[in-house]
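# A closer look at the structure
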Amino acid sequence: MTRSADGLLAWGSLAAMLLALYGAFLYAQTEQVMGDIQRIFYVHLPLAWVGFLAFGHACAAGIQYLRTGSRRWDAAAVSAAEIGVLFSTLVIITGSLWARPVWGAWWTWDPQLVTYLILWLIYVGYLMLRAAAGDDLRRARFAAVFAIIGFIDIPLVWLSARYLRALSPVIFTRHSIGLAPSMAWALLAGLVAWSLFYGVLFRERFRLELLESRVAQLADEAD
Amino acid sequence: MRVLAALIWKDLIIEVRTRELLTSMSLVAFLALVILSLAFEPSPAMAVNAAPGVLWVTVAFTATLGLARSHALEQERQAFQGLLLTPVSRSLLFLGKFGANLVFVLVLQLVVVVAFAALFTPEVGRRALWLVPPLALGAVGFTAIGTLLGTMTATTRLREVLLPILLLPVVLPVIILSMAGLNAAIDGGAMGEIQRSLKLLAAVDIIYLVLGMWLFEYVAEDAA
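Everything in this summary refers to the structure shown in the same document. Keep in mind the model is a prediction, meaning the values are calculated, not measured.

To continue, consider the environment of A132 of chain A. Within the secondary structure, A132 of chain A sits in helix α4 (residues 111-132). Setting aside its immediate chain neighbours within four residues, A132 of chain A contacts T156, R157, L158 and L162 of chain B.

Here you go:
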C-alpha cells in the first residue's frame, strides 16, 4: 500500500469514528433498563471483535511466516498482536466499567470473561516471549509458534470454562438484548470505525517494525 | 519404537543416576502442600472440597519448575544439538522428550496425592484409584504443551520465569477439565459426569499432542 492510500485510510477512519461517536451518544436511543451506561457497549463490543480478529491476524501471519520465512510476516504478526493486546485491555476495562453498575461486580467468572482474560494473558505472554527470545530469527520462529498455539487454544478455553460453569450455579446470564434499529446502526458504525482504526494502527506499526529492522541491518553493516 | 524407547530411557537413566529432578520437585510440592495446609487448617470436609484445586495448583507450579529444569539439562554441553544430529525425525524427538517428562509429572502427581492424603485427609487416599484417570490424562496434555514450550523457553533470556507465564494460560483447559473430573471422582458422583469430563480431556490431549509434534519441527533448530 502506498502512503496516499494509508492517508485515505486514516481520514476514513477519522470520519467513521466521528460518525460512530455521534451514533453512540446521540443517535441511539437510551436503553430502558440500564440507561446511559449501556452506551459503552458501542465501544466495548466492536473493540472485543476487532481485538479478537487481531489475534487471529497474528496467528495467520505466524503460519505464513513458518511457511515462507519472510520477515514481513513476522513484522505483521507482532504489529497485530501488539494492537490486539491494547484493544483487549480496553475491552476488559470498558467491560468492568459496565459490569460494576449493572451486575454489581467489576468481574465475574462468566465463560466469555474467562476466555477473554486468558486470551489477554496468552498474548501478553507472547510479547514477553518476543522480548526475551534473543536473536531475530529465533524470536520470529518462537513467536509464530506461540501465536498459533495461543489462538488454537481459545476455543478450548471457552469450552472448558463453559463446562465448569455448567457444574456450579450461574449467577449472571447475559440475556440477549433486543436491539432497536437505532442501536443496531450505532453498533454497526462502531464496528466499522474500530475496524478502520485497527487498519490505520496496523499500517503504522507495521511500517515502524520494518524501519526498525532496516535500521538494525544498517547498524550491523556499519560495524 | 526402539528409538522412542531409547530417547525416553536416556532421560530416565540420567534421572536415576542423579535423582536431582524428582527429589527437588517432590520437595517443592511437599513444601507447597505444607504451606497450604498451615494456611487453611482444613477440616476433613473442606479438604475434600478443596482437593482438586490444591492438587492441581501444587502439580502445575511444581511441574513447571521441573520441566524448565529438564530442558535446561539439554542445553548443557550442547546435548540437544547432538540429538538433532542423529537421524531421527523431529516429531520422534518431541515424543521422546514428552515421554520422559510425562514419567516425571506422573511420579510428581503420585507424590502430591500421597502427601495430600497424609496432610489433609485420608478420604482422598481411599478413592485414590478414581483419581488416576483425570490426573493422568491431565498430565498428558500439560506435558505435551509443556515439552514444546519448555524447549523454546530454555534458550530465552528469562528461562524458568518465562515458562509458567506461557504455559499456564495455555494449558488452562486441561487443568479445568481434570479438576472437574477429580471433583466428580472424589464426590463419588455419577459415572456419566466423570466420563464426560474425561472424554473432553482426552480430546484436548490429542489436540495438544498433534500441535506439539507439528510445531516442534520449527523450534527444534533454534533451541539447540
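Once the structure has been displayed, the description carries forward.
So, on to the nonpolar core. Among the nonpolar cores identified, the biggest contains 129 residues, and A77, A81, A143 and A147 of chain A together with V112, F116 and I145 of chain B are the most heavily contacted of them. In terms of residues, this core owes the most to one element, helix α5 (residues 90-119) of chain B, which gives 14 residues. With residues near it in sequence (within four places) discarded, A143 of chain A still touches G62, D74, A77, V78, Y126, L129, R130 and A133 of chain A.

Here we take up the interface of chain B and chain A. Across the boundary between the two partners, chain B contributes 23 residues, which contact 29 residues of chain A. Of all elements in the fold, only α7 (128-153), α8 (162-170), α9 (172-187) and α10 (191-220) of chain B reach the threshold of two or more residues within the side of chain B that touches chain A. Looking at which element gives the most residues to the side of chain B that touches chain A, the answer is α10 of chain B, with 7 residues. The residue inventory of the side of chain B that touches chain A, partitioned by class, reads 20 nonpolar, 1 polar and 2 charged.

Attention shifts here to unusual backbone geometry. Residue and element names in this part refer to chain B. Even without a glycine there, the phi angle at R19 is positive, about 55°. Tracing the chain through its elements places R19 in the loop between α1 (2-18) and α2 (20-40). Here the phi dihedral of R159 falls at roughly 45°; this positive angle occurs in a residue that is not glycine. As for its placement among the helices and strands, R159 is situated in the loop between α7 and α8. Classification of R159 by C-beta neighbours within 10 Å gives partly exposed; the count is 16.

About the thresholds
- One numbering rule holds for all chains: residues counted from 1, following each sequence as written.
- Starting at A for chains and at 1 for ligands, labels are handed out in the order in which the entities are written.
- Since the coordinates come from a predicted model, pLDDT governs what is reported: local features require at least 70, and pairs of side-chain atoms require 80 or more to be given and counted, while whole-chain, interface and lining totals use all residues.
- Numbering of helices and strands starts at the N terminus; helices are DSSP runs of H or I of at least 4 residues and strands are runs of E of at least 2.
- In this description, a residue-residue contact is defined by the distance between C-beta atoms placed from the backbone, which must lie within 7 Å.
- Note on terminology: a nonpolar core is a set of buried residues of type Ala, Val, Leu, Ile, Met, Phe, Trp, Tyr or Cys, with members joined through C-beta atoms within 7 Å.
- Around each residue's C-beta, the other C-beta atoms within 10 Å are counted; 20 or more make the residue buried, 12 or fewer make it exposed, and counts in between make it partly exposed. All C-beta atoms are placed from the backbone.
- Charged means Asp, Glu, Lys or Arg here, nonpolar means Ala, Val, Leu, Ile, Met, Phe, Trp, Tyr, Cys or Pro, and polar covers whatever is left, Gly included.

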